[in-house]
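Each chain, letter by letter, is given below.
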Amino acid sequence: MSLPSPDYLAKLNPEQRAAVETLDGPLLVLAGAGTGKTRVLTTRFAHLLLSGRCQPHQILAVTFTNKAAREMRERVGAILGRPVEGLWLGTFHALAARMLRRHAEMAGLRSDFTILDADDQARLLKQVMDGAGVDLKRWPPNGLMAVIQRWKDRGLTPERVTAAEASDYANGRAVALYGAYQARLKQLNACDFGDLLLHVTELLRTDEEVLGRYHRLFHYILVDEYQDTNLVQYLWLRLLAQARKNICCVGDDDQSIYSWRGAEIENILRFEKDFPGATIVRLESNYRSTRPILAAASGLIAKNEGRLGKTLRPGRNDAHGEKVRVVSLWDSEEEARMVGGRIEEAKRDGVSLSEVAILVRAGFQTRAFEERLITLGLPYRVVGGAKFYERQEVRDAMAYFRATVQPADDLAFERIVNVPKRGLGDTAMAAMHRLAREHRCSLREAAQRLTESQDIRPRPRAALRELLEGFARWSAALERDGHVVVAAQILDESGYTEMWRQDKSPEAAGRLDNLKELVRALSDFASMPAFLEHVALVMENDENAEGERVSLMTLHAAKGLEFDWVFLPGWEEGLFPSQRSLDEGGAKSLEEERRLAYVGITRARKRCFVSHAANRRIYGNWTASIPSRFIGELPPDEVEFEGEQARAQPGWSGGSVFAGGALTGYRAPRLIDAPAWEVQERPKPGASIAVGERVFHQKFGYGRVTAVEDDKLDIAFEKAGPKRVLDRFVEKV
DNA sequence: AGGTTAGTAATTTTT
DNA sequence: TTACTAACCT
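Residues numbered from 1 in each chain as written. Chains lettered and ligands numbered in written order. Predicted model: local features only at pLDDT ≥ 70, side-chain atom pairs only at ≥ 80, totals over all residues. Heavy atoms only, no water.

Participant: Pulling in residues and values, what's your account of the overall build of chain A?
Facilitator: Regarding its fold elements, chain A presents 28 helices and 23 strands. The buried share of chain A, reckoned over its 733 residues, is 54%. Pairs at least 24 residues apart make up 73% of the contacts formed inside chain A by residues separated by at least 6 positions. Counting only carbon and sulfur atoms, one obtains 50% of the accessible surface of chain A, whose full area is about 32,900 Å². (Helix = DSSP H or I, 4+ residues; strand = E, 2+ residues; numbered from the N terminus. Buried < 20%, exposed > 50% of the residue type's maximum accessible area, 1.4 Å probe, protein only. Contact = heavy atoms within 4.5 Å. Areas by Shrake-Rupley, 256 points an atom, 1.4 Å probe, with all protein chains shown as cover.)

Participant: Account for the side chain of D224, with residues named and values stated.
Facilitator: Within the secondary structure, D224 sits in the loop between β6 (220–223) and α11 (231–241). Given a relative accessible area of 6%, D224 falls into the buried group. Apart from residues lying up to four places away in sequence, D224 is in contact with K37, L41, V62, T63, F64, A68 and V250.

Participant: Tell me about a positive patch on the surface, and please be specific about residues and values.
Facilitator: Together, R73, R98, R102, R213 and R216 line one region of the surface with positive charge. Within the residue set of the positive patch, elements represented by two or more residues are α5 (92–102) and α10 (208–217). Owing to a relative accessible area of 34%, R73 belongs among the partly exposed residues under this scheme. (Patch = residues over 30% accessible without salt bridge, like charges linked within 9 Å, V, L, I, M, F, W, Y side chains within 5 Å. Salt bridge = Lys/Arg side-chain N within 4 Å of Asp/Glu carboxyl O. Lys, Arg positive; Asp, Glu negative; His and termini not counted. Charge placed at Lys NZ, Arg CZ, Asp CG, Glu CD.)

Participant: How would you sum up the pattern of salt bridges? Please name residues and give values.
Facilitator: A full pass over the atoms with the stated rule returns 59 salt bridges. K152 is the salt-bridge partner of D195, the closest N and O atoms lying 2.8 Å from each other. Remark: K152 occurs in helix α7 (residues 141–153) and D195 occurs in helix α9 (residues 193–206); sequence separation between them is 43 residues. Each member of the pair, D195 together with K152, is buried. Residues K310 and D253 are paired through a salt bridge, measuring 4.0 Å at the closest nitrogen-oxygen approach. One end of the pair, K310, is in the loop between α14 (291–301) and β10 (313–314); the other, D253, is in the loop between β7 (247–251) and α12 (266–269), with 57 residues separating them in the sequence. We classify K310 as buried; its relative accessible area is 8%.

Participant: Tell me about helix α6 (residues 118–131), and please be specific about residues and values.
Facilitator: The first and last C-alpha atoms of α6 sit 20 Å apart over 14 residues, in line with the 20 Å expected at 1.5 Å per residue. Along α6, the residues classified as buried are D120, Q121, L124, L125, V128 and M129. The buried residues of α6 occupy one face: seen down the axis, they fall within an arc of 165°. The secondary structure elements touched by the buried residues of α6 are α7, α8 (174–187), α9, α17 (392–405) and α18 (410–416). Put simply, D117 is the residue that caps the front of α6, since its side-chain oxygen is 3.0 Å from the backbone nitrogen of D119. One or two positions beyond α6, positive phi appears at G133, with a value near 75°. (Expected span 1.5 Å × (residues − 1). Arc of directions from axis to C-beta. Polar contact = N/O pair within 3.5 Å; in protein donor to acceptor, adjacent residues only side chain to side chain.)

Participant: How would you summarise the packing of helix α3 (residues 37–50) against helix α4 (residues 66–80) if you had to cite specific residues and measurements?
Facilitator: Where α3 meets α4, the closest approach of the two axes is 9 Å, and the angle between their N-to-C directions is 50°. By the angle between their directions, the pair α3 and α4 is classed as oblique. In this structure, the crossing between α3 and α4 has a hand that is right-handed. Touching T38, R39, L41, T42, T43, F45, A46, L49 and L50 of α3 are E71, M72, R75, V76, I79 and L80, all from α4. Class assignment of the residues belonging to the contact of α3 with α4 gives a composition of nine nonpolar, three polar and three charged. (Axes fitted to C-alpha atoms, helices over the stretch in contact; angles between N-to-C directions. Parallel < 35°, antiparallel > 145°, perpendicular 65-115°, else oblique. Left-handed = near helix turned anticlockwise from the far one by under 90°. Nonpolar A, V, L, I, M, F, W, Y, C, P; charged D, E, K, R; others polar.)

Below, the structure written as C-alpha cells:
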C-alpha cells in the first residue's frame, strides 16, 4: 500500500495513525479520555475495508452499548460513503444472541428462546428458591442473583463452579440453586443476559467444529471499552481470536469503573501476556479539555498504583483556561444554591445549558439539584432514570405481547394473568401451578385445564376463560391484521387500558401515553417477535435530549460524554469515595472510586467545579462530613479554592490547605470563625414542633409528640415510653 | 381477595 | 427521608 495517504488517514495524528494502520497481530490501543478513540476505531474499521484486507462480514466489531454500536455503524458508513450491511457489529450481548440463535439446540434451547430481563430473572429465581424451601428472609434472592451473575461473568456454568469459587450463600446451597435456576430457564426456553455469553462461550470451548467455523469467518476483531470486559467476554474474544490473532482492543485502564458489574481491569492490564507479541499504542493527545483540567485529572489519577500509565497532554493550541475550582460549602442546600447560581451566571454569559452537567456519585443526589433548578426556572433533564421499557405499564403490556406470541412464556403469563384484577388470588394461582407441575405443561395450559375443572369459584373461572379466549383470538389475528393492530386490540380487550383509565392517580395519564407510544414503536418492526427481541437487547432509552437543558446524571452514566461546564458536587468522605464501596473492596475499590473522579473531571471541556459540603442530610438527618481525600489529591497549583478554609485532613496525601476563602457570596453568614466541619450544631435545630410530629431525642430515641406546653413537650417514645422533655433537646425527624 | 400498615433497608447498572 | 415487602386485617 504505497499509494498517497487517503483523505481519511491524513486527518489523524501520528499515534492515531499507528493505531489505525497496525493491522496484523494483537494490538492494544490505550486511549485516554478525549483522545479520539471513536475516530480511531471507526477509521480502522473503514481502513480494513478500503485497503482490501477483508469483506465487511469478516470483521467482528464489539461494543458495550447500543449507542456506541450505532455510532460506529454510522461513522463507518460516512467514511465509506454508503451504508454497510451484513456486519457483525454490535454489543457483546447482541452478537452473542445472534450466535446463540444459530446453535441454540446445542445449549438445550430452541432458536426462538426468550431473553429475560432483570425483573423476570429476579422473579424466576425467587420462585426457584421458594420451591427449594429456602428461607427468603434470611437469604434474600438478590444476594443469590448477584452470586450467580458473578459466576456467569466468570464463565462458570453450574458444573464448572469449583469449591474455590463456591459461595457460602444459603449454607452452601448456592451452586445447587444455580443449577435449578438454569434448569428452569431451559424448561421455559429462556435465558438471561449473562447466559447469552455463557452459553456461546461454553459452546466455543467445547465444540471445535463450531469454533472453527467462526475462525474461518472472522478475519479481524475490534473491541471497544476493553477495560470493562468481564472474564467470560475475555474468554469469548480469546477463543475467537485464537486462530488469526488479529485482535484490536481499545480502552483506557484509567476509566475502568464497572468492577462491581463483573468487569476485570486485569484484562487490559495483562493484555501483553494474554496476547504475546502485542503492539501497544498510547493515545495521549487530548483534544477536549483545557490544560488545567487535564493537569488536575492527571495529577489525581497518578495516585493509582494499578495502571499502565499514560499522561494526557493538551492537543489543542487554545488549551489554556481557568483552573479547576474547588468550592467548600456549609451544607448540601448551600451547595445546590452555589451550583444553581453558577449555572445562571454561565447562562447569562452565553453558555448553552445543554453544555452544562451536574455529575453525582449516586442517583439520590440529583434530587437536591433538581429542586434548586426548578426554583430557578432552569430546564434540566435527568439522564438514566427510569427507562421507558422498565416502566410498569410498558412491562405489563410487553407481557401481554409475549404471552400472545409465546404460549409457554410462564413468566409473562403469570405477570398479567391477574392484571387487571380478575379475582384470581393465591388459591387460584396455587391450583394453576399444581396443575402445571402435574401435567408438566405451561401455566397457560394449566389455566386452560383449570377453567374446565371445578377447582375455583365460578367468577374467577369465567374471567380466566375469557382471558384464554382472548389469547387464542389475538394470536390468530396476528397473521391476518398485523402486529400493530393486534397490539392495540390486546390492550383494549384485556381491559388493561381501561384499568389505567379508571385509575385516579396523577401518573395514570402518562401511563396511557406510554402505552400509545409503545404501540407506535411496534410499527417500526416487521413482527411482534422482532420487536420483542429488540426490546430485550436494546432497551432504548429515548431521553428528551432535545432542547437546552442542564444534564443531571451519575458519574457512571457520564462516561463517554463531554460538556463545556461540569459540576462535581458531593466530594466528601463516605459519599465520594463511597463508604460502602470501600468497605466491600478496600484499596482496589478506592482506586476505582478515584478513576470515577478522573472520569468526572475529564468530562469537562472548559470549566470544572468540584464542591463539598460540611453538613449533609442523609436519610432524613443531618450528618457532618469532611472533604473527600480526592480534593487533597488534586495538584494544588492547578486548582483554585473557594469558601471557608478547611484544615488539612489526616487522610490527605497532599496535606494541602484550602487557600483564599470568603469570596463566594453563597455561603450562609454564620460561624465564621470555626472551621465548618468542627461545628457540632445541626443546621436546622428543632424549631416549632407540633403535636403529632415524630422527633428524635439523644437519650430516649424516636417518639411522637402528644402535647405541647410552652417549651415543654409530651412525647411518647417508641422505646423509652411517655416522657416530658424540653423542646431544645429534640429534633424533628 | 385485596387493601392497609408496620418494619426494614438504603451506590454505581453499558446489556 | 423514601420505597418496598411481608404480615395483618376486613
